[in-house]
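Now for the letters of each chain:
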Amino acid sequence: MSDAIDRREFLGRGWKAGIVMIGCAGAWTSWDLLRPLPGSGLGGIIETIAADEVPSDTAVYVRAAHTYVTRIGDEVVALWQKCPHLGCRVAWCDNSGEFECACHGSRFNRAGEHRSGPAPRGMDRFGVRVNEQGIVEVDTGTVAKGPPPGTATIEEPPRGESCS
Ligand code: FES
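What counts, and where the lines are drawn
- Residues numbered from 1 in each chain as written.
- Predicted model: local features only at pLDDT ≥ 70, side-chain atom pairs only at ≥ 80, totals over all residues.
- Heavy atoms only, no water.
- Helix = DSSP H or I, 4+ residues; strand = E, 2+ residues; numbered from the N terminus.
- Rg over C-alpha atoms; globule rule 2.2 N^0.38 Å.
- Buried < 20%, exposed > 50% of the residue type's maximum accessible area, 1.4 Å probe, protein only.
- Contact = heavy atoms within 4.5 Å.
- Areas by Shrake-Rupley, 256 points an atom, 1.4 Å probe, with all protein chains shown as cover.
- Lys, Arg positive; Asp, Glu negative; His and termini not counted.
- Charge placed at Lys NZ, Arg CZ, Asp CG, Glu CD.
- Pairing = 2+ DSSP bridges.
- Axes fitted to C-alpha atoms, helices over the stretch in contact; angles between N-to-C directions.
- Domains from an automatic or database assignment.
- Core = buried A, V, L, I, M, F, W, Y, C linked by side-chain atoms within 4.5 Å.

Caption draft 1: The overall build of the chain, seen in detail. Regarding its fold elements, the chain presents one helix and 10 strands. Moving toward the C terminus, one meets the helices and strands of the chain in the order α-β-β-β-β-β-β-β-β-β-β. In terms of C-alpha radius of gyration, the chain reaches 26 Å, well past the compact-globule figure of 15 Å for 164 residues. A principal-axis box enclosing the C-alpha atoms of the chain has dimensions of 95 × 40 × 25 Å. Taking all 164 residues of the chain together, 34% fall into the buried category. Pairs at least 24 residues apart make up 51% of the contacts formed inside the chain by residues separated by at least 6 positions. Summing over all exposed atoms, the chain offers an accessible surface of approximately 10100 Å²; the carbon and sulfur share of this is 58%. Across the chain, the mean location of the 17 positive side-chain charges is 10 Å away from that of the 21 negative side-chain charges.

Caption draft 2: Spotlight on the sheet that holds strand E2 (residues 60-62). Taken in spatial order, the six strands of this open sheet run E1-E10-E9-E4-E3-E2, and their pairing is antiparallel. Whereas interior strands pair on both sides, the edge strands pair on one side only; in this sheet they are strand E1 (45-50) and E2. Between one strand axis and the next, the sheet turns through 35° on average, direction left out of account. In the sheet, strand E9 (residues 125-130) pairs with strand E10 (residues 135-144) via six bridges, with the strands oriented antiparallel. Its bridge partner being in E10, Phe126 is matched across the sheet by Val143.

Caption draft 3: Seen up close, the domain arrangement of the chain. Along its sequence, the chain is organised into domain 1 (1-35) and domain 2 (45-144). Computed from C-alpha atoms alone, the centre-to-centre distance between domain 1 and domain 2 is 54 Å.

Caption draft 4: Representation of the nonpolar core. With 15 residues, the main nonpolar core has Tyr68, Leu79, Cys83, Val90, Phe99, Phe108 and Met123 as its most contacted residues. Counting 13 residues, the second largest nonpolar core, distinct from the first, contains Ile46, Val76, Val136 and Val138.

Caption draft 5: Here's a closer look at the environment of Phe99. Among the secondary structure elements, Phe99 is positioned in strand E6 (residues 98-100). Of the residues examined, Phe99 reaches a relative accessible area of 0% and is grouped as buried. Expressed as a C-alpha distance, the spacing of Phe99 and Ala25, which sit 74 residues apart in the sequence, is 49 Å.

Take a look at the structure:
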């Protein structure tokens, strides 16, 4: 008889331990899903290229940051690839020296300023800084809306045929 009680007590404790373990696993999974992401992916700060390698006649695409990096005068700028019209990926066209959106034909100069098409403004920009190692860091959590149509801080007319 005392064996039966011990077995019953043993099974009861086993069930309780199992329920506690399932609860812990559930809590861990919830925390893992809901915790804030570290700041290294899109939405965080992403290292790109050396500041002295940023070109002033073209744009370098940085996939991890969804960004084009270029130099406008002394300033390094990071232009978000997302078209301000309906969000398609804007492509850099070396032939024309402009950004071109294949979806509805919006075009932007190398500074991301609106040139033509249905986009309501220029390309949006991410925050940029150069770290101690001379690498350009793009803060993809900080977005500045692109300038209104008609803004022209650089004088770079299309240099050739469009890519699209
Ligand atoms: S999404 Fe780029 S022009 Fe429409």
